[in-house]
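# Notes for the structure review
What follows is the residue order along each chain.
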Amino acid sequence: VKSTGKKRGGIDVNDLIKLIIEKKLANPDEIYGCSEHQVEELEQKLDVKLPFAYRDFLLSIGRGAGRFFIGTDMFYEQIPLLNYYATELLQETGVEFHLPENAFVFSMHQGYAFAYFISSDGDDPPVYVYAENAVAPRMVSPSFSAYLTHSIEEH
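Residues numbered from 1 in each chain as written. Predicted model: local features only at pLDDT ≥ 70, side-chain atom pairs only at ≥ 80, totals over all residues. Heavy atoms only, no water.

### Quick word on the overall build of the chain
Within the chain, the secondary structure is distributed over 5 helices and 9 strands. Each helix (α) and strand (β) of the chain, taken in turn from the N terminus, gives the series β-β-α-β-α-α-β-β-α-β-β-β-β-α. Relative to its full complement of 155 residues, the chain shows a buried share of 45%. By sequence separation, contacts in the chain at least 24 residues apart represent 54% of the contacts at least 6 residues apart. Counting every atom, the chain has about 8100 Å² of accessible surface; 48% of that belongs to carbon and sulfur. (Helix = DSSP H or I, 4+ residues; strand = E, 2+ residues; numbered from the N terminus. Buried < 20%, exposed > 50% of the residue type's maximum accessible area, 1.4 Å probe, protein only. Contact = heavy atoms within 4.5 Å. Areas by Shrake-Rupley, 256 points an atom, 1.4 Å probe, with all protein chains shown as cover.)

This is the structure we're talking about:
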């Protein structure tokens, strides 16, 4: 498990990993982070500067963590297509809402719900969720780190 050793934007990677293991969502050998190169490559490919909290997530568990978020597309290999899938879902449901310009969809669950943040909203941005048949998304967490912690505790 790779830890950046830093706490930026409200996330402590080591605490996050400990909580995942404590909740029995993954064993230590089931937790895989991205390399710095992979994160930089992702930023270049998607033409985005990722917030520190999200970068730390990618570096620590961005390629998978056992049963954590099983059934949800949110890990490194799936990330490049998530904005496209979210836009497709919005078009299919016919809602008037469109993703904001700097929206970064980091999670898609079963094709009917997605979570995103605005990449320019600071080091630890608020998280919004849209679910099929809703009129618009709603803010579900004041920060990405709080969203992760809550998700682990509720899993």
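### A short note on the packing of helix α2 (residues 36-46) against helix α3 (residues 52-61)
Where α2 meets α3, the closest approach of the two axes is 9 Å, and the angle between their N-to-C directions is 135 degrees. Here α2 is positioned oblique relative to α3, judged by the angle of their axes. Like other packed secondary-structure pairs, α2 and α3 cross with a definite hand, here right-handed. Across the interface between the two elements, E36, V39, L42 and E43 from α2 touch R55, L58 and L59 from α3. By residue class, the composition of the contact of α2 with α3 is 4 nonpolar, no polar and 3 charged. (Axes fitted to C-alpha atoms, helices over the stretch in contact; angles between N-to-C directions. Parallel < 35°, antiparallel > 145°, perpendicular 65-115°, else oblique. Left-handed = near helix turned anticlockwise from the far one by under 90°. Nonpolar A, V, L, I, M, F, W, Y, C, P; charged D, E, K, R; others polar.)

### Considering the pairing of strand β9 (residues 138-141)
Relative to β9, strand β8 (residues 127-131) runs antiparallel, the two sharing 3 bridges. Note on β9: the bridge partner recorded for V129 is R138. (Pairing = 2+ DSSP bridges.)

### Some points on the sheet that holds strand β5 (residues 72-73)
With antiparallel pairing, the 5 strands of this open sheet are ordered in space as β5-β6-β7-β8-β9. Whereas interior strands pair on both sides, the edge strands pair on one side only; in this sheet they are β5 and β9. Alignment of strand β6 (residues 103-109) against strand β7 (residues 113-118), held across 6 bridges, turns out to be antiparallel. From the neighbouring strand, V105 faces β7, where its bridge partner is Y116. Against the sheet, helix α4 (residues 82-93) engages β5, β6, β7 and β8, with an angle of about 75 degrees to β6. Lying on the sheet, helix α5 (residues 144-154) is in contact with β6, β7, β8 and β9; it crosses β9 at an angle near 70 degrees.

### Considering the nonpolar core
I20, Y54, F106 and F114 are the most contacted members of the largest nonpolar core, which has 49 residues in total. Breaking this core down by element, the ones donating at least two residues are α1 (13-22), α2, α3, α4, β6, β7, β8 and α5. No other element matches α3, which puts 6 residues into this core. When neighbours within four sequence positions are excluded, Y54 is seen to be in contact with I79, F104, F106, F117 and F144. (Core = buried A, V, L, I, M, F, W, Y, C linked by side-chain atoms within 4.5 Å.)

### A closer look at the side chain of T72
Considering the arrangement of structural elements, one finds T72 in strand β5. On the basis of relative accessibility, which here comes to 9%, the residue T72 falls in the buried class. If near-sequence neighbours (up to four positions away) are discounted, T72 is found in contact with Q78, S107, M108 and H109.

### Some thoughts on the environment of I118
Here I118 shows up in strand β7. Residues I118 and A103, spaced 15 residues apart in sequence, show a C-alpha to C-alpha distance of 4.4 Å.

By themselves, these figures tell us nothing about what the structure is for.
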